[in-house]
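Observations on the model geometry
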Amino acid sequence: MLVAGNIVSNTSFHSLAAGSVRGGAPRARIAVYKACWNQGSEGTKCTHASILAAIDDAINDGVDILSMSVGGFNEIPGTLHAVAKGITVVFSAGNEGPAPQSVKNNDPWVISVAASTIDRSFPTIITLGNRQKLVGQSVFYASGISINNNFTKLVYGESCDNITLTELNVTGKIVLCYDPPAVAQILPRSNFNEAVNNVLIAGGGGVIYAQYTVNLLTPLNGIPYALVDFEIANKISSYIDSTSRNPLVKISPAYSIEGEQVLAPKIAAFSSRGPNPTFPGILKPDIAAPGVSILAAMQGGYRFASGTSMACPHVSGIVALLKAVHPDWSPAAIKSAIVTTG
């Protein structure tokens, strides 16, 4: 929980991002209202009616802040009523970037939060058969699998669609998924899992996936993988083309680095952008907060999660601290204080 929660020591995701975690306002009290429901094959649905019912219940209970990590709406009924009652409403801004005018939850009276990177990174060393070392990103870890310290055959899978992989022999090989002509049509957030699944079905032993950003890290259990930008991918493909023998590669497990050597913060590639399509005269999103590879408590352990849903509670925690110090401040005053000093 990012809004509140006491300090928990010795946390990590398989030794990555090791340290202590706590909520933004550790002494705040949390009330949870269920508004989203699993619809089976249709996924999780959050209807206007269920959200409105949750907001009404929260207002009646006398909450001070509504932290709502839900997306896909231009306006949610009940939020203006909550703000009129003195409740600050904080929303995630959506994960449909980098497309312009994709920002959601853009009512003037709420705080809409974009996602940014933090000064923590997870480099993954990619060693080619010619001993050239390149650096990608991943949360590839060694726990529970046997790490092959030897080189593995490398093959160029282009877009890594089923047809291309069927024509290649990728069994046991590391597959480079690199298709520059498709960049304009395919967002990496939606294509990465499909490409990885295609490689696994074809019998591949690992994936090097190229995309225009490397701040979308997804844990994969059981296979070596790395995300690289197009510059690194081009070097790998050039190596494949230049070698007269079988191209080889080795992917090492990721490790953590923090601090000034990581260029941050930057707006996450997936974070929805303005301008505001509903109220063009109102700037949205209002502010950005950490939302990339955030260590989050899930199902009895810790995992990395990315999205404006991770960024939203960071700001909600700040709102809680301001509310504690200035209980007489209105939602507008709190919003102003945050966006003018962030």
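All values reported here derive from a predicted model rather than from experimental measurement.

Across its full length, the protein chain carries seven helices and 19 strands. Its C-alpha radius of gyration of 22 Å places the protein chain within 12% of the 20 Å reference for a compact globule of 342 residues. With respect to the principal axes defined by its C-alpha atoms, the protein chain has extents near 70 × 40 × 40 Å. The buried share among the 342 residues of the protein chain stands at 44%. For the protein chain, restricting intrachain contacts to residue pairs at least 6 apart in sequence, the fraction spanning at least 24 positions comes to 63%. Roughly 17000 Å² of accessible area belongs to the protein chain as shown, and the carbon and sulfur atoms make up 52% of that amount. For the protein chain, the distance from the average position of its 22 positive side-chain charges to the average position of its 21 negative side-chain charges is 8 Å.

Here Phe-13 shows up in strand 1 (residues 8-13). Spatially, the C-alpha atom of Phe-13 lies 9.4 Å from that of Ala-296, the residues being 283 residues apart in sequence.

Another point: the sheet that holds strand 6 (residues 88-92). What the four strands build is an open sheet, ordered 5-6-7-17; its pairing is parallel. The open sheet is flanked by strand 5 (65-68) and strand 17 (287-290), the only strands paired with a single partner. Between one strand axis and the next, the sheet turns by 30° as a mean value, whatever way the strands run. The sheet contact formed by strand 6 and strand 7 (residues 111-116) spans three bridges and is parallel. Bridge pairing in strand 7 places Phe-91 opposite Ser-112. Lying over the sheet, helix 6 (residues 308-325) contacts strand 5, strand 6, strand 7 and strand 17, oriented at roughly 125° with respect to strand 7.

On to the packing of aromatic side chains. By the definition in use, this model includes six aromatic pairs. Look at Tyr-156 and Tyr-178: their rings are 6.3 Å apart centre to centre, the planes differ by 35°, and that puts the pair in the tilted class. Of this pair, Tyr-156 sits in strand 11 (residues 152-158) while Tyr-178 is found in the loop between strand 12 (174-177) and helix 4 (188-201), placing the two residues 22 residues apart along the sequence. Connected via pairs of aromatic rings, a cluster forms that spans Phe-13, Phe-122 and Phe-304.

What follows concerns the domain arrangement of the protein chain. Domain annotation of the protein chain identifies domain 1 (8-119 + 262-341) and domain 2 (123-255). Placing the centre of domain 1 and that of domain 2 at their C-alpha centroids yields a distance of 33 Å.

Bringing the state of the cysteines into the picture now. Here is the idea: a disulfide is a covalent bond, and it sits between the sulfur atoms of two cysteines. Following the criterion strictly, the structure yields two disulfides and no others. Here Cys-36 pairs with Cys-46 through a disulfide, and the sulfurs are 2.0 Å apart. An S-S torsion of about 110° defines the bridge between Cys-36 and Cys-46 as right-handed. Here Cys-36 is found in the loop between strand 2 (16-21) and strand 3 (37-38), whereas its partner Cys-46 is found in the loop between strand 4 (44-45) and helix 1 (48-61), with ten residues between them in sequence. Judged by its relative accessible area of 23%, Cys-46 falls in the partly exposed class. A sulfur-sulfur separation of 2.0 Å characterises the disulfide bridge that pairs Cys-160 with Cys-177. Negative torsions about the S-S bond denote left-handed disulfides, and the value of about -90° found for Cys-160 with Cys-177 makes this one left-handed. Of the two residues, Cys-160 sits in the loop between strand 11 and helix 3 (162-167) while Cys-177 sits in strand 12, which places them 17 residues apart along the sequence. Cys-160 sits in the buried class, given a relative accessible area of 1%. With its disulfide-bonded cysteines labelled consecutively along the sequence, the protein chain is connected as 1-2, 3-4. In this model Cys-312 remains outside any disulfide bridge; the closest cysteine sulfur is found in Cys-36, 12 Å from its own.

In this section: the side chain of Ser-116. Locating Ser-116 in the fold gives a position in strand 7. A residue is classified by how much of its surface remains accessible, and Ser-116, at 7% relative accessible area, is buried. Leave out the neighbours within four places in its chain, and Ser-116 touches Pro-265, Lys-266, Ile-267, Ala-268, Ala-288, Ala-289, Pro-290, Gly-291 and Val-292.

Conventions and cut-offs
Residues numbered from 1 in each chain as written. Predicted model: local features only at pLDDT ≥ 70, side-chain atom pairs only at ≥ 80, totals over all residues. Heavy atoms only, no water. Helix = DSSP H or I, 4+ residues; strand = E, 2+ residues; numbered from the N terminus. Rg over C-alpha atoms; globule rule 2.2 N^0.38 Å. Buried < 20%, exposed > 50% of the residue type's maximum accessible area, 1.4 Å probe, protein only. Contact = heavy atoms within 4.5 Å. Areas by Shrake-Rupley, 256 points an atom, 1.4 Å probe, with all protein chains shown as cover. Lys, Arg positive; Asp, Glu negative; His and termini not counted. Charge placed at Lys NZ, Arg CZ, Asp CG, Glu CD. Pairing = 2+ DSSP bridges. Axes fitted to C-alpha atoms, helices over the stretch in contact; angles between N-to-C directions. Phe/Tyr/Trp six-rings, centres within 6.5 Å; stacked < 30°, edge-to-face > 60°. Domains from an automatic or database assignment. Disulfide = S-S within 2.5 Å.

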